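Given next are the chains, with one letter for each unit.
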Amino acid sequence: MTQSTQNTVDSKQDLINYVVRLGDDSVVLGHRISEWVSEGPFLEEDIALGNVALDYIGRARMFYGYAATLSGDGKTEDDFAFLRDEREFKNYLINELPRGDFAYTITRQLMVDLYNKYYLQALSLSTDPTLVAIAQKAVKETTYHCRRSKSWALRLGDGTAESKRRMQLAIDDIWGYSHELFESDLLEQRLIDAGIAVDCADLKQPWLADVEAIFEEAGLKIPEATWAVRGGRKGFHSEHLGHLLTQMQFVYRSFPGAKW
Amino acid sequence: MTIEKLELFEVFVRPKRGLDHKHVGSLHAEGREQALEYARDVYTRRTEGISIWVVKSQDITASQEDDNESFFDPSDDKPYRHATYYPLPKEITTM
């Protein structure tokens, strides 16, 4: 194999791996939010959460579908979602944390939705036309998600003593998982150099400014603790992902090829 | 948050430009803004609309069924209130 062919193969594999990561983030979070369906605080919010879950799962389908096309080996989007094991998933850890109480879910959504807003804006400037198309569709959904998350964060943070307490507890619990959102690795660096991937380090300042402004308005605080948990992009997960995958993949694996 | 503390809103959706807003149902929300968001989530999931109005249900004054006789029956025997009651003059050919 010549040097140039080697490079071509590698950069294609890089792109597939990158696209699968983005699909992993979406499918894991989408599944988490879907756990609220029928458990929401009241009917309207239950449906609203279901809509958000479907937005994320639909986004995962677009990323996995693109990865399947790039692979060109007969794989489908379902192979990526249902036939890979925990260590093969490369989602950021924040997405796999349990849904917790409603304040916990809203806090995670606020942080992730705002992150996605900047991420998708940047991705829509990619040199890869398929990623641009996905980003342009998804950013509209995310704009609405941000609106929801922000108004709930303000309502709960500025609500009763109990709702404020729960919001602050959630922030203190989740904050340490936000750091890896802004750290790229060598794979992403190669794709950033090629103009394809988003340099997530660039998103930190605008994201932090948004979060600080909302927390201040809601009477909430960014924790002083500096602990951080990392590893999602390497496939090192918390104990929660395995449980999520057993639920998510159970039917597909028990009844291979089943259709409905 | 309990459902009792939420307010009831009526939702009106305009299906497309040129058509009127149509009453599609009601929902519970904590305020106008949230009602608008929930109306979007609950009533326009299948692209039913391009514009939404929400109105607090308590702000609607509605006629009562008991009043139907006095409200609506008296117009039954007043056909002269319909344009079709009047013969058209010969000179008018397009109407």
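Up top is the structure.
For every chain, the first residue of its written sequence is number 1, and the numbers climb from 1 along that sequence. The order in which chains are written sets their letters, starting at A; the order in which ligands are written sets their numbers, starting at 1. Predicted model: local features are reported for residues with pLDDT of at least 70 only, side-chain atom pairs are reported and counted for 80 or more only, and whole-chain, interface and lining totals are derived from all residues.

Participant: How do you make sense of the overall build of chain B when you look at a structure like this?
Facilitator: The numbering of helices and of strands both runs from the N terminus, where a helix is a DSSP run of H or I of at least 4 residues and a strand a run of E of at least 2. Assigned secondary structure in chain B consists of two helices and three strands. Along chain B, helices (α) and strands (β) appear in the sequence β-β-α-β-α when read from the amino end. For the radius of gyration, the atom set is restricted to C-alpha positions; the globular benchmark scales as 2.2 Å times the number of residues to the power 0.38. For 95 residues, the compact-globule estimate of 2.2 N^0.38 gives 12 Å, and the C-alpha radius of gyration of chain B, at 21 Å, exceeds that figure by more than 25%. Principal-axis analysis of the C-alpha atoms places the extent of chain B at approximately 65 × 35 × 15 Å. Across chain B, the fraction of contacts at a sequence separation of at least 24, relative to all contacts at a separation of at least 6, is 42%. We call two residues in contact if the C-beta atoms placed from their backbones are at most 7 Å apart.

Participant: Help me out: how do you make sense of the environment of Asp-78 of chain A in this one?
Facilitator: All names here are of chain A. Looking at the element boundaries, Asp-78 is found in helix α3 (residues 77-82). Exposed residues have 12 or fewer other C-beta atoms within 10 Å of their own C-beta, buried residues have 20 or more, and residues in between are partly exposed; the C-beta atoms are placed from the backbone. The exposure class of Asp-78 is partly exposed, given the 14 C-beta atoms found within 10 Å. Along the chain, Asp-78 and Arg-61 lie 17 residues apart, while their C-alpha atoms are 8.4 Å from each other.

Participant: So what exactly am I meant to see when it comes to the sheet that holds strand β1 (residues 7-14) of chain B here?
Facilitator: Whether parallel or antiparallel, the strands of a sheet pair through hydrogen bonds between backbone atoms. Residues and elements named next belong to chain B. Spatially, β2-β1-β3 is the arrangement adopted by the three strands of the open sheet, whose pairing is antiparallel. Each edge of the open sheet carries a strand with a single partner, namely β2 (22-29) and β3 (51-56). Taking the axes of each pair of neighbouring strands and ignoring which way they run, one obtains an average angle of 30 degrees across the sheet. Strand pairing is defined by DSSP finding a minimum of two bridges between the two strands. Between the N-to-C directions of two axes lies an angle of 0 to 180 degrees, each axis being a line fitted to C-alpha atoms and, for a helix, fitted only over the stretch in contact.

Participant: So what exactly am I meant to see when it comes to the packing of helix α4 (residues 102-123) of chain A against helix α6 (residues 161-174) of chain A here?
Facilitator: When two helices pack together, their arrangement is given by the angle between the helix axes and by the axis-to-axis distance. Residue and element names in this part refer to chain A. At a minimum axis distance of 8 Å, the contact between α4 and α6 shows a crossing angle of 55 degrees. As far as their axial angle goes, α6 and α4 are oblique. Considering how the two elements wind past one another, α4 and α6 form a crossing that is right-handed. Contacts between α4 and α6 involve Ala-103, Tyr-104, Thr-107, Arg-108 and Met-111 on the former and, on the latter, Ser-163, Arg-166, Met-167, Ala-170, Ile-171 and Ile-174. Residues are sorted three ways: Asp, Glu, Lys and Arg are charged, Ala, Val, Leu, Ile, Met, Phe, Trp, Tyr, Cys and Pro are nonpolar, and all the rest, Gly among them, are polar. Considering only residue class, the contact of α4 with α6 consists of seven nonpolar, two polar and two charged. For this classification, under 35 degrees means roughly parallel, over 145 means roughly antiparallel, 65 to 115 means roughly perpendicular, and everything else is oblique. What makes a crossing left-handed is the near helix being turned counterclockwise from the far one by less than a right angle; a clockwise turn instead makes it right-handed.

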